[in-house]
Amino acid sequence: MRVRRLKKVPAHLEITAFINLIVVLVPFLLSTAVFTRLSVIDLALPAQSSDAIAKLDADKPLKLEVVIRHNALQVQDRHGGSLTPIGDSIPNVATGPDTKALAVLVQAIKAKFPQHDDATVLAETNTSYETLVRVMDVVRGGHQAQNGKAVHVDYFPNISIGDAPIVNQTAAVPGGPVALAAPRKP
């Protein structure tokens, strides 16, 4: 009798299904991946003095701060105090803060400090997003007339944002004045 021997054929690795799976999974995983960008916000809180723009020394570094309050805008320098020429602040109008007065003031500050590009916008916790963006846009830049054309000019393009410092209010109470801190919402 004849003995049949089996032919030994090398085994093939079937990877077609695996490649198909990878072709489908890679774009799906890349499209659902969350890409985050971390950044650091450097903030400086305002000083407690009151001077005008003309009294600022052009040699000292400017730390421009725009504080958005519920009833007004305060423009100040960390080293020199308040820069708002009309009283203590720029009042809010019916539609929000007076951005035209802010634009004039920021333009005057930039004329005195042309080398500075940094500003800080500090907002109270109840400030609307639209108000914050409008103030940031005014501080960042504006339009000026040059040779009969309106040209966009950058004032302070590097903007940091943060929380406005809480204002202490003095109340008349029997027994003397008491400092009350404004409540913060959680």
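Residues numbered from 1 in each chain as written. Predicted model: local features only at pLDDT ≥ 70, side-chain atom pairs only at ≥ 80, totals over all residues. Heavy atoms only, no water.

A. Representation of the overall build of the protein chain. A count of helices and strands for the protein chain gives three helices and 11 strands. Burial statistics for the protein chain: of 186 residues in total, 28% are counted as buried. The contacts of the protein chain with a sequence gap of at least 6 include a subset with a gap of at least 24, amounting to 56%. Carbon together with sulfur atoms contributes 59% to the accessible area of the protein chain, which is approximately 13,800 Å² in total. (Helix = DSSP H or I, 4+ residues; strand = E, 2+ residues; numbered from the N terminus. Buried < 20%, exposed > 50% of the residue type's maximum accessible area, 1.4 Å probe, protein only. Contact = heavy atoms within 4.5 Å. Areas by Shrake-Rupley, 256 points an atom, 1.4 Å probe, with all protein chains shown as cover.)

B. Geometry of the packing of helix α2 (residues 99-112) against helix α3 (residues 129-140). Viewed as axis vectors pointing N to C, α2 and α3 meet at an angle of 30 degrees, and their least axial separation amounts to 9 Å. Taken together, the axis directions place α2 and α3 in an arrangement best described as roughly parallel. The two elements α2 and α3 cross, and the hand of that crossing is right-handed. Along the contact surface, α2 presents T99, L102, A103 and V106, while α3 presents R134, V135, V138 and V139. (Axes fitted to C-alpha atoms, helices over the stretch in contact; angles between N-to-C directions. Parallel < 35°, antiparallel > 145°, perpendicular 65-115°, else oblique. Left-handed = near helix turned anticlockwise from the far one by under 90°.)

C. Seen up close, the nonpolar core. In this structure, L64, V75, L102, I109, V135, V139 and F156 are the most contacted members of the largest nonpolar core, which totals 24 residues. A total of five residues in this core trace back to one element, the largest contributor, which is α3. (Core = buried A, V, L, I, M, F, W, Y, C linked by side-chain atoms within 4.5 Å.)

D. Representation of α2 in the model. Compared with the 20 Å implied by 1.5 Å per residue over 14 residues, the 20 Å span of α2 between its first and last C-alpha is a close match. The complete set of buried residues in α2 reads L102, L105, V106, I109 and K110. Down the axis of α2, the smallest arc covering the buried residues is 140 degrees, so these residues share one side. Seen from the open side of α2, the exposed residues pointing more than 90 degrees away from its buried face are K100, V104 and A111. (Expected span 1.5 Å × (residues − 1). Arc of directions from axis to C-beta.)

E. Examining the packing of aromatic side chains more closely. All told, the structure shown has zero aromatic pairs when counted by the stated rule. Above the ring of F156, the side-chain terminus of K110 is found at 5.2 Å from the ring centroid. (Phe/Tyr/Trp six-rings, centres within 6.5 Å; stacked < 30°, edge-to-face > 60°. Lys NZ or Arg CZ within 6 Å of the ring centre and 35° of its normal.)

F. Summary view of the confidence of the model for the protein chain. For the protein chain, per-residue confidence averages 74 on the pLDDT scale, and 68% of positions sit at 70 or higher. Mean pLDDT across the secondary structure elements of the protein chain bottoms out at strand β11 (residues 176-181), with 43, and peaks at strand β6 (residues 118-123), with 90. Low pLDDT, under 50, characterises residues 43-51; the predicted model gives this stretch 26 contacts beyond four residues in sequence or across chains. Confidence drops under pLDDT 50 across residues 171-186; counting only partners more than four residues distant or on other chains, this segment forms 21 contacts. (pLDDT = per-residue confidence, 0-100.)

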